[in-house]
Amino acid sequence: MAVVAPLTVKDYKSSVKPTWCPGCGDFGVLAATYKALAQMQLSLHETVFVSGIGCSSRFPYFMSTYGLHGLHGRSLPLAQGVKLAHPELTVFAVGGDGDMFSIGAGHLPHACARNVDITTICMDNSIYGLTKGQTSPTSLRGQKTKSTPYGAILEPMNPVMLALTYGASFVARAYSAKPQQLTQIIVEAVKHKGFAFVEVLSPCVEFNNTFNQLDAVVDIMDENHDPTDIERAMHLALTEAKTNLGIFYKVERPSYEQEFATLAPEKSEFNLDTFLNKYE
Ligand SMILES: Cc1ncc(C[n+]2csc(CCOP(=O)(O)OP(=O)(O)O)c2C)c(N)n1
Ligand code: SF4
């Protein structure tokens, strides 16, 4: 019997060199993702990265898995579609805070509630990087950007709080400069059977370099946080004095695919053919 060598980090790297600025936080997210995939031995031909548009959305080019670079703000519907058509695949939706909380914000509540088994990684740099530095929904109040030269007027959105409120079954926050924890969170998010939302603080060194401001991070996993306690998860998400990192919430709930299968017991194989046969 032929012995198959285990996949290494190198196997997940594509031949395309990342085009990000030197020092961009997204490099840390990419490296942690390679490590997480190698740790899980995910097969290249059964893994797909789906993105929208933005610097962070270039991610699929740098992976040797399958990838789909979609439209701005549409990574979530595309990724859910891929998963429903091919449930055997491990599917990721990746992109930036502009992509997911601005133009694509309408998809987030439904993706959280629907609970399709995909992993979402939002590289949050609180700025529009690709278009050269405009305010995003997570920009801080007072933040000076190309589109708010006198300072942003609005309070920032809180992605972790949003995902908790929308009913996501797995919610975490990580930091691109803390690669070990980030790798572990990605592994746990993929293992989770349902919609997993991971916000990754991933500074844009060109237009909003917050690396120095993110020193006061606290690992809630070290504090014996019970991830099934939604009230404490919300309390930790709302804490402003420090930046909490870790798995805020994780609960077992049937995925959309599982729920659907119970509605069509005579066709327990859930795939696109179920629909196509029906309408032929
Ligand atoms: C429909 C549409 N509207 C606007 C744009 C212009 N645009 C491209 S990327 C982007 C925002 C990028 O910010 P973010 O999603 O946070 O990603 P980052 O570049 O910071 O990683 C915008 C507004 C576009 N490509 N398509
Ligand atoms: S502009 Fe910002 S987000 Fe885009 S690659 Fe450069 S550092 Fe990264």
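Our structure is the block above this text.
Attention in this report is confined to the structure presented alongside it. None of these values were measured; they are calculated from a predicted model.

## Considerations on the site of ligand 2
Right, so step 1: Close to ligand 2 lie Trp 20, Cys 21, Cys 24, Cys 55, Asn 125, Gly 129, Cys 204, Val 205, Glu 206 and Phe 207.
Right, so step 2: Class assignment for the residues of the shell around ligand 2 results in seven nonpolar, two polar and one charged.

## Side note on the side chain of Ser 57
Right, so step 1: Structurally, Ser 57 is set in the loop between strand S1 (47-51) and strand S2 (66-69).
Right, so step 2: Here Ile 53 takes part through its backbone nitrogen, which lies 3.4 Å from a polar atom of the side chain of Ser 57.
Right, so step 3: For Ser 57, the residues in contact, after removing those within four places along its chain, are Ser 51, Gly 52, His 69, Val 94, Gly 95, Gly 96 and Asp 99.

## Observations regarding the packing of helix H5 (residues 159-166) against helix H7 (residues 230-238)
Right, so step 1: Direction vectors running N to C along H5 and H7 enclose 155°, while the axes themselves pass 9 Å from each other. It follows that H5 is roughly antiparallel to H7 by the angle criterion. Here the hand of the crossing between H5 and H7 comes out left-handed. Residues Val 160, Met 161, Leu 164 and Thr 165 of H5 form the contact with H7, whose participating residues are Ile 230, Ala 233, Met 234, Ala 237 and Leu 238.
Right, so step 2: Of the residues in the contact of H5 with H7, the class split is eight nonpolar, one polar and no charged.

## A word on the sheet that holds strand S8 (residues 243-250)
Right, so step 1: Within the open sheet, the eight strands sit side by side as S2-S1-S3-S4-S6-S5-S8-S7. Their pairing is mixed. Every interior strand has two partners, whereas the edge strands, S2 and strand S7 (217-219), have only one. Taken over all neighbouring pairs, the strand axes of this sheet differ in orientation by 20° on average, direction set aside.
Right, so step 2: Of the pairings in the sheet, the one linking strand S5 (residues 170-175) to S8 comprises four bridges and is antiparallel in character. Residue Phe 170 lies in a different strand from S8, and its bridge partner there is Lys 250.
Right, so step 3: Those strands touched by helix H2 (residues 75-85) are S1, S2, strand S3 (90-96) and strand S4 (119-124), and its axis lies near 175° from that of S3.
Right, so step 4: In this fold helix H6 (residues 179-191) packs onto S3, S4, S5, strand S6 (196-201), S7 and S8, with an angle of close to 160° to the strand it touches most, S5.

## Focus on the packing of aromatic side chains
Right, so step 1: In the structure shown here, the tally under the stated rule is seven aromatic pairs.
Right, so step 2: Their ring planes at 35° and their centres at 6.3 Å tell us that Tyr 175 and Phe 211 sit as a pair that is tilted. In this pair, Tyr 175 is assigned in strand S5 and Phe 211 in the loop between S6 and S7, connecting sequence segments 36 residues apart.
Right, so step 3: Residue classification places Tyr 175 among the buried residues on the basis of a relative accessible area of 5%.
Right, so step 4: Residue classification places Phe 211 among the partly exposed positions, given a relative accessible area of 23%.

Calculation criteria
Residues numbered from 1 in each chain as written. Chains lettered and ligands numbered in written order. Predicted model: local features only at pLDDT ≥ 70, side-chain atom pairs only at ≥ 80, totals over all residues. Heavy atoms only, no water. Near = heavy atom within 4 Å. Nonpolar A, V, L, I, M, F, W, Y, C, P; charged D, E, K, R; others polar. Helix = DSSP H or I, 4+ residues; strand = E, 2+ residues; numbered from the N terminus. Polar contact = N/O pair within 3.5 Å; in protein donor to acceptor, adjacent residues only side chain to side chain. Contact = heavy atoms within 4.5 Å. Axes fitted to C-alpha atoms, helices over the stretch in contact; angles between N-to-C directions. Parallel < 35°, antiparallel > 145°, perpendicular 65-115°, else oblique. Left-handed = near helix turned anticlockwise from the far one by under 90°. Pairing = 2+ DSSP bridges. Phe/Tyr/Trp six-rings, centres within 6.5 Å; stacked < 30°, edge-to-face > 60°. Buried < 20%, exposed > 50% of the residue type's maximum accessible area, 1.4 Å probe, protein only.

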